[in-house]
Amino acid sequence: MRPAIRAAVADDLAALVALDAVCFGREAWSSIAWVNEFERLSEDRVVLVADEGAVVGYVVLLLPPVELDVVEVLRIAVAPAERRTGIGGQLLTIALERCAGRTVLLEVAASNESAIGLYRGFGFEEISRRRGYYAGGEDAVIMRWREEA
Ligand SMILES: CC(C)(COP(=O)(O)OP(=O)(O)OC[C@H]1O[C@@H](n2cnc3c(N)ncnc32)[C@H](O)[C@@H]1OP(=O)(O)O)[C@@H](O)C(=O)NCCC(=O)NCCS
């Protein structure tokens, strides 16, 4: 069964904090950070969840008012046991539908092959790097997506 992709609601907060901790470990957002994301939902944030009865994935976008051309993917993750079944792709498809006509940027650790594989499959291209950006000295890769004309 494919999960439903829907906008996050306040009741999802605890599940998102828990799933983010599983997916990002020491790099996870605190519950306060998640509350801040939720507080911005009416302004410039979009949080979508993949719902299979439980939340099994999510994507967070920084989607500023339309006069600004650039959207940023702040986070995307899928529960480890559910990976490689298409959920990340499902989330990104719906997220990019929200970004029609705009440029989408994201930043990803150079060693994160699964995420880079996902992004490349959607047509994201590397446009720059931040050398030694992450703890441990790993590079950040900046990737860009633009809708094909
Ligand atoms: C990145 C992530 C969200 C992908 O989610 P997913 O649900 O497994 O992705 P999908 O099943 O939709 O995969 C889509 C495509 O991405 C690529 N991909 C996904 N996992 C991959 C891997 N481990 N190695 C190489 N390519 C991979 C493949 O091209 C895949 O298509 P295919 O399965 O037909 O070959 C998931 O691995 C994850 O949660 N990682 C930890 C969190 C993270 O690092 N997030 C990104 C940084 S913000």
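Residues numbered from 1 in each chain as written. Predicted model: local features only at pLDDT ≥ 70, side-chain atom pairs only at ≥ 80, totals over all residues. Heavy atoms only, no water.

Structural notes on the pattern of salt bridges
And step 1. Tallying each qualifying case throughout the model produces 11 salt bridges.
And step 2. Overlapping salt bridges, with partners in common, bring together Glu37, Arg40, Glu43, Asp44 and Arg45 in one network. (Salt bridge = Lys/Arg side-chain N within 4 Å of Asp/Glu carboxyl O.)

Things to note about the packing of helix 1 (residues 13-24) against helix 2 (residues 31-39)
And step 1. Contact pair helix 1 / helix 2: the axes reach a minimum separation of 10 Å and the direction vectors enclose 130 degrees. The angle between helix 1 and helix 2 places the two elements in the oblique class. For helix 1 against helix 2, the interelement crossing comes out right-handed. Judged by residue contacts, Leu13, Leu16, Val17 and Asp20 of helix 1 engage Ser31, Trp34, Val35 and Phe38 from helix 2. (Axes fitted to C-alpha atoms, helices over the stretch in contact; angles between N-to-C directions. Helix = DSSP H or I, 4+ residues; strand = E, 2+ residues; numbered from the N terminus. Parallel < 35°, antiparallel > 145°, perpendicular 65-115°, else oblique. Left-handed = near helix turned anticlockwise from the far one by under 90°. Contact = heavy atoms within 4.5 Å.)

Details of the packing of aromatic side chains
And step 1. Using the criterion set out here, one finds 4 aromatic pairs in the structure.
And step 2. Judged by centre distance (5.6 Å) and plane angle (55 degrees), the ring pair of Tyr119 and Phe124 falls under tilted. Per residue, the accessibility class of Tyr119 equals that of Phe124, and both read buried.
And step 3. Taken together through their ring pairs, the aromatic side chains of Trp29, Trp34 and Tyr58 make up a single cluster.
And step 4. One cation-aromatic arrangement involves Arg130 over Tyr133; the distance from NZ or CZ to the ring centre is 5.0 Å. (Phe/Tyr/Trp six-rings, centres within 6.5 Å; stacked < 30°, edge-to-face > 60°. Buried < 20%, exposed > 50% of the residue type's maximum accessible area, 1.4 Å probe, protein only. Lys NZ or Arg CZ within 6 Å of the ring centre and 35° of its normal.)

Some details on the UniProt feature "domain: N-acetyltransferase" (unreviewed entry) in the protein
And step 1. The UniProt entry lists residues 3-148 under the feature "domain: N-acetyltransferase" (unreviewed entry), expressed in the numbering used here.
And step 2. Annotation note: span residues 3-148, helix share 28%, strand share 33%, distance between end C-alpha atoms 27 Å. (UniProt positions renumbered as here; feature names shortened; annotations may be inferred.)

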